[in-house]
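# Residue-level structure breakdown
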Amino acid sequence: MEAGTVVARPGPYAEAVHPGTTPRTGILKWLLTSDHKLIGTMYIWLAFFFFAIAGAFAMVMRTQLAAPGLHVLRPEVYNQIMSLHGTFMVFFFTIPIMAGIANYVVPIQIGARDMAFPRLNAVSFWLLVPAGSLMLASLFLQGGAAAAGWTSYPPLTNRQYSPGPGVDLWILGLHLAGASSILGGINFVVTILNLRAPGMKMFKMPMFCWTVLVTQTIILIATPILAGALTMALTDRMFGTGFFQAVAGGDPVLWQHLFWFYSHPAVYIMVLPGMGMISQILPAFSGKHLFGYKGMVLATAGIGFIGFLVWGHHMFATGIDYRLRQFFSFASMVIAVPTGIKIWSWLATIWGGSLRFRTPMLFALGFIALFIIGGITGIWLALVPFDVQVHDTYFVVAHLHYVLFGGSLMAIMAGIYYWLPKISGKLYNEFWGKVHFWLTFIGMNLTFMPMHMMGMLGMPRRIYTYRPEFAIWNHIASAGAAVLGVGMTIFALNMLLSLWRGRRAPADPWNHSDETRTLEWTVSSPPPAENFHTIPVIR
Amino acid sequence: MKRPSNTLLGAAIGVLVLLMFSFAYANVPLFKLFCERFGLGGQGKARMKGEAASAMSSTTGPIESRNITVSLMGVSASGLPIRFRPSVPSVVTNPGRSVHLSYVFTNMSDDSVHFRAIHSIVPEQAAREFQLIQCFCFEDQSLGPRESRTLPVYFALSPRIPTGIEEMTLSYTLFPRDPKKKLPVPAQEAN
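Reference entry: report on the structure contained in this document. (Residues numbered from 1 in each chain as written. Chains lettered and ligands numbered in written order. Predicted model: local features only at pLDDT ≥ 70, side-chain atom pairs only at ≥ 80, totals over all residues. Heavy atoms only, no water.)

## Things to note about the sheet that holds strand 7 (residues 141–143) of chain B
All names here are of chain B. Applicable threshold: For two strands to be treated as a pair, DSSP must find at least two bridges joining them. Secondary structure elements follow DSSP: runs of H or I no shorter than four residues count as helices, runs of E no shorter than two count as strands, and numbering proceeds from the N terminus. Axis definition: a line fit to C-alpha positions, over the contact stretch in the case of helices; interaxial angles, taken between N-to-C directions, run 0 to 180 degrees.
Strand order in this open sheet of 5 strands is 3-1-9-5-7, and the pairing throughout is mixed. Across the chains shown, the open sheet's two edge strands, defined by having one partner strand only, are strand 3 (90–93) and strand 7. Within this sheet the neighbouring strands show an average axis-to-axis angle of 30 degrees, counted without direction. As judged from the 8 bridges shared by strand 1 (residues 68–76) and strand 9 (residues 167–176), these two strands associate in the parallel manner. Each bridged residue has a counterpart across the sheet, and for Leu 72 the counterpart in strand 9 is Leu 170.

## Description of the sheet that holds strand 4 (residues 98–107) of chain B
All names here are of chain B. Read across the sheet, 4 strands follow the order 2-4-8-6 without closing on themselves; strand pairing throughout is antiparallel. Sheet topology places strand 2 (82–86) and strand 6 (130–134) at the edges, where each strand pairs with a single neighbour. When the angles between neighbouring strand axes are averaged without regard to direction, this sheet yields 30 degrees. Across 9 bridges, the pairing between strand 4 and strand 8 (residues 148–157) is antiparallel. Considered in strand 8, the bridge of Tyr 103 is made with Leu 151.

## What to know about the state of the cysteines
Residues and elements named next belong to chain B. Worth spelling out the cut-off: Note that a disulfide, as used here, is simply two cysteine sulfur atoms within 2.5 Å. A simple rule labels every residue: compare its accessible area, found with a 1.4 Å probe on the protein chains alone, to the largest value its type can have, and call it buried under 20%, exposed over 50%, or partly exposed in between.
In the structure shown here, the tally under the stated rule is 1 disulfide over all chains. Through a disulfide, Cys 135 is tied to Cys 137; the S-S separation comes to 2.2 Å. Taking the sign of the torsion about the S-S bond as the criterion, the disulfide between Cys 135 and Cys 137, at about 130 degrees, is right-handed. Residue Cys 135 is classed as buried on the basis of its relative accessible area, which comes to 7%. Overall, the relative accessible area of 14% leaves Cys 137 in the buried class.

## Here we look at the interface of chain A and chain B
Under the convention used in this document: Only heavy atoms enter the contact rule, under which two residues are in contact if any of them lie within 4.5 Å. Any carboxyl oxygen of Asp or Glu that lies within 4 Å of a side-chain nitrogen of Lys or Arg is treated as forming a salt bridge with it. Within 3.5 Å is the distance limit for a polar contact, defined as a pair of N or O atoms, with the added protein rule that one can donate a hydrogen and the other accept it, and that residues adjacent in sequence qualify only through two side-chain atoms. Residues are sorted three ways: Asp, Glu, Lys and Arg are charged, Ala, Val, Leu, Ile, Met, Phe, Trp, Tyr, Cys and Pro are nonpolar, and all the rest, Gly among them, are polar.
Between chain A and chain B, the residue contacts involve 33 residues of the former and 28 residues of the latter. Remark: the boundary between chain A and chain B carries 1 salt bridge. Here chain A and chain B share 5 residue pairs in polar contact (both at pLDDT 80 or more) between them. For the side of chain A that touches chain B, the elements supplying multiple residues, two or more each, are helix 5 (166–194), helix 6 (207–238), helix 7 (252–284) and helix 9 (322–334) of chain A. Residue contributions to the side of chain A that touches chain B peak at 9 residues, all from helix 6 of chain A. Considering only residue class, the side of chain A that touches chain B consists of 22 nonpolar, 5 polar and 6 charged.

Geometry only, nothing functional implied.
So, in structure tokens, the structure goes:
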């Protein structure tokens, strides 16, 4: 990182942002806080709580699918669990935990005392609590939770086919989560543009801050579109409008356009901050600066821009015009160019470095390996004939899990292991961290690699059982899920034990070289109130 | 460069958010206009060609007076021990009218058989206007030992079927579902 050199002397921003406030203790410290570090920490806790629930849903699904013809779940309950698994993993785990880590790390990395709007930051976090709770609560209502998948296509979500309150609560929950994202987005963009320490020019910012800036810009452009679509869906159900109902002159395909105009960029919302984390972790454990910093920044912005031009590739099977198919197919393949720039830059970063295979580094390398597989199957799916053939099969499930599990989750784990000592001030057990990595890496491939085969053989997704010829691949996938479950349990225990009785972490537990040390490693672990005694000046 | 105040920048971004939210609603008319202007999507195509939208669907279109005879055939390939025949050998119908008939299947062996039916429609130039609405060929079928079953077929000819076509043939070929698996032998031969 070029933002490494720090001269600690009083700068023009040295005044405290919360003058005269008395530090609170106990539960009130958390409930009433507007401190970005506490809010970031709460984001991470809440996201992991939802992750545990969504992960448990996944385990129940894999149990149901372990053999053909099992009756662990009733078919309609399977649909609800499957829908909530996707929704929670996307909207209540991956997006919030990225926001949580960014909340903690970004202000320190740019040399700020807090976010630009600390109270708004608290609002963003607290909106997530009712959002997730509403959706979870719907499981226990008459009719159960939403069962139309995380994509919730009409007419399946119309009152006629989903009569219970599940879909209504799903919509309301997403509305609140979307509002949380938007408010957070405003805060991040203003913070990064306005609160950088003296001398911290845009092209001196650590790569993670750049990816957060691009991600939050995507959120600000895309999320309001989803909010609009959700409002239309809600009024269709509640007040008899017909935006997505063919009988009323509406068009169900319009939902797909609006949904994917948000949800394809949402893939980058979930992956770009992970790429930023990887771009910091690889240099830290290679002893070299990031290769091609400016190219990486441009590639990040390029992915963000092209990400808005490819939504139609989710809709090849809807019968959209062949000219649109050609355009979306081409644009989807073009996105491999900036992604390829990133991957080559990461490889060049570790090339010839003195590598230290600590847990964050293992997860970062695992990210690269798995994300490449997800990226390559993404190129296949950009090809219309192939996409139409495997549409709605397990091939798509395999692809999206290689991107979001192999990509986002591996990066999140890398980031958590990397910054946990900074956040908690405690060291974790490195041995169990590595065990967690290997169980995750092996379990992940066991679970999702066979899904490619299932999909090519024609096994449809989102169905609670299957024909006997798919049994062998499902046996393997369910065994892999069990391995993942063991790995995640070890992770949880390791983290909790480190919080309880871990050794104290020094300011820089990873011994960064001068060229890779970013500002958060120059302050104590955890950082002091308002981060810096005096605002650093970057040379 | 002087930075704008946090409030000003935050408010400006808030305006962008509101614009994007409005854009979602603007898409409702824009979507239709775009499709119509550039002829993208089925809705646009129908209007571009100056046809009524109802002509797209054979079941809702006007019923024409010209007669077309549809012959029904079927053959069991690859030694499958199944006999099957249509409820009628042929049917006279009109474009726009839907037809409901059935096929009777009999398993001649003492084992279960799993099979799939592949359909074929001639003449080729009219085949795309022959719309199968319900058919046993849409999914794999199974018959128990010696079981006999009647399965429905529901089809309609589109009003857009070329004039001059007076006869059509709908035929089925049955194939075993698992080609590598040994087929059961018909009971009579086993005896």
